[in-house]
Amino acid sequence: MASAQCTQASAIIVSKGGFMTTDQDVMDNLDYDSSVVGVEVDVGTHKVEQEDIIAYAKALGETSPLYLDEAAAKVGPHGAIIAPPLFYNLFHLEPGLDPKVNFGTTGFDAGQHAEFFEPIRAGDTISAKTQVSSVYAKTGRTGTMVFTVRRTTFTNQRGEKAIVMERRNVRRDIKK
Amino acid sequence: MSQIYIEDVDLGDDVGPLVKEPTRNQLNAFTKVWGTSVGRFTSDEVAKSEGFTGVILPGNMSMAFLGQLLTEWCGYEGKLRRLDVDFRRSVQPGDKLNCTGIITDIEVVEQENQVTLDVFIETQKGERALQGTAMVVLPSKS
């Protein structure tokens, strides 16, 4: 019966009417703007202030002189104070294109993927480009969720790729 | 700071724990430098209206603790190359967080010593608040 099949394939759920619904069906019927997927746009620049790096590092309880000690950092491997790796999360950027995903009653950050190429240094001007890289449905033990993945590429004023980051936002029905 | 080398590590080795006990003052300092006004990070009242018992830490603040674990471990000559985490449970000021990693793969790719790890943050209740994977490049002794 249907319930036995469901234990075999977690991606298949049974709707109230008893019809089988797959994540593909969810995507086929999802109300969203697929035309923005894969379209990269400029979302602004951020001037990296040394005092912000130091305040951020202190708030985290970091102790490395690379982040906190200007004199030590200047003679160190990077020639300036550098930022802890996740510092880019503080940048205030434009949101980029909106796929207008109409699903569920609540949304939140589900996770983040980051690749690090060049450190961010005090005094850098970082420019950012963002795209919605994918929208997909996934069904787990708490029901069906729709993920929107946004990929942002951060480049410094020397044209070097510093960081590529993907933020996963999820929409779902609030827990009853 | 002592430097760890690729010759020092093996599959299954633990990294950490780095124990973090973020305070309300640290959270306030973090949201101030960020310039965020998101209520669940700054106001107990708003956090409670959203079903939490009080303010919670931004996911990217907890994620940064894993960044600290890995950058302190790999040293000045090592490099954190990749970090991927899922935010599973909320973290609050006053929680005691065990940030740890375990080495799952070691390989040399284009003369780079790449070490892959599972990483996670466990609260004092033994619940995993964050979990994910990371890749770090370590120097060789020779």
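Structure: above.
Residues numbered from 1 in each chain as written. Chains lettered and ligands numbered in written order. Predicted model: local features only at pLDDT ≥ 70, side-chain atom pairs only at ≥ 80, totals over all residues. Heavy atoms only, no water.

A. Structural detail: the overall build of chain A. Regarding its fold elements, chain A presents five helices and seven strands. Reading chain A from its N terminus to its C terminus gives the helix and strand order α-β-β-α-β-α-α-α-β-β-β-β. Classification of the 176 residues of chain A by burial places 40% in the buried group. Within chain A, residue pairs in contact and separated by at least 24 positions form 68% of the contacts whose partners lie at least 6 positions apart. Only carbon and sulfur atoms are counted for the fraction: they give 51% of the accessible area of chain A, which is about 9,300 Å². (Helix = DSSP H or I, 4+ residues; strand = E, 2+ residues; numbered from the N terminus. Buried < 20%, exposed > 50% of the residue type's maximum accessible area, 1.4 Å probe, protein only. Contact = heavy atoms within 4.5 Å. Areas by Shrake-Rupley, 256 points an atom, 1.4 Å probe, with all protein chains shown as cover.)

B. Examining the sheet that holds strand β6 (residues 143-155) of chain A more closely. Spatial ordering of the open sheet is given by β3(A)-β5(A)-β6(A)-β7(A)-β4(A)-β2(B)-β5(B)-β4(B)-β3(B)-β1(B), a layout of ten strands whose pairing is antiparallel. Among the strands making up the open sheet, the edge pair consists of β3 (41-47) of chain A together with β1 (14-20) of chain B. Strand-to-strand twist in this sheet, taken as the mean axis angle between neighbours without regard to direction, amounts to 25°. As defined by bridge partners, β1 of chain B adjoins strand β3 (residues 97-109) of chain B across five bridges and the pair is classed as antiparallel. Bridge pairing in β3 of chain B links Lys20 of chain B to Leu97 of chain B. Its contacts with the sheet put helix α4 (residues 59-74) of chain B on β4 (106-116) of chain A together with β1, β2 (79-87), β3, β4 (112-122) and β5 (128-138) of chain B, and the angle it makes with β2 of chain B is roughly 150°. (Pairing = 2+ DSSP bridges. Axes fitted to C-alpha atoms, helices over the stretch in contact; angles between N-to-C directions.)

C. Layout of unusual backbone geometry. For the peptide bond that leads from Gly16 of chain B to Pro17 of chain B, omega is 10°, which places it in the cis range. Residue placement: Pro17 of chain B occurs in strand β1. Its identity as a non-glycine residue notwithstanding, Lys100 of chain A has a phi of 50°, on the positive side. As for its placement among the helices and strands, Lys100 of chain A is situated in the loop between α5 (70-74) and β4. The backbone of Gln111 of chain B sits at a positive phi, close to 65°, despite the residue not being glycine. Checked against the element boundaries, Gln111 of chain B lands in the loop between β3 and β4.

D. Seen up close, the nonpolar core. In terms of nonpolar packing, the biggest core is built from 64 residues, with Tyr88 of chain A together with Trp73, Leu83 and Leu117 of chain B touching the most fellow members. It is α4 of chain B that contributes the most residues to this core, nine residues altogether. Ranked by size, the runner-up nonpolar core spans nine residues in total, among them Val36, Val101, Val132 and Val146 of chain A. (Core = buried A, V, L, I, M, F, W, Y, C linked by side-chain atoms within 4.5 Å.)

E. Fine view of helix α3 (residues 50-60) of chain A. Of the residues making up α3 of chain A, those classed as buried are Ile53, Ile54, Tyr56, Ala57, Ala59 and Leu60 of chain A. In the core, the buried residues of α3 of chain A are packed alongside α4 (65-68) of chain A together with β1, α1 (24-34) and α4 of chain B. Positive backbone phi, at 80°, marks Gly61 of chain A, one or two positions downstream of α3 of chain A.

F. Just α1 of chain B, in detail. Residue and element names in this part refer to chain B. Inspection of α1 places Gln26, Leu27, Phe30, Thr31, Val33 and Trp34 among the buried residues, and these make up the whole buried set. One side of α1 carries all its buried residues, which in axial view fall inside an arc of 165°. Exposed residues pointing more than 90 degrees away from the buried face of α1 are listed as Asn25 and Lys32. Note on α1: the residue one or two positions beyond its end, Gly35, has a positive phi of about 80°. (Arc of directions from axis to C-beta.)

G. Geometry of the environment of Leu97 of chain A. All names here are of chain A. In this fold, Leu97 is placed in the loop between α5 and β4. Along the backbone, Leu97 and Pro85 are twelve residues apart, and their C-alpha atoms lie at a distance of 26 Å. When near neighbours in sequence (up to four residues on either side) are disregarded, Leu97 contacts Val36, Val39, Val41, Val132 and Arg150.

H. Broad picture of the interface of chain A and chain B. The interface of chain A with chain B comprises 27 residues on the first partner and 25 residues on the second. Between chain A and chain B, the buried area comes to about 2,300 Å², and carbon and sulfur atoms account for 56% of it. Its largest share of buried area at the contact with chain B, chain A owes to Ala59, Leu60 and Phe116 of chain A, together 24% of the area lost on that side. For Asp86 of chain B, the salt bridge is made with Arg168 of chain A, and the minimal N-O distance between the two is 2.9 Å. (Buried area = accessible area lost by both parts, 1.4 Å probe. Salt bridge = Lys/Arg side-chain N within 4 Å of Asp/Glu carboxyl O.)

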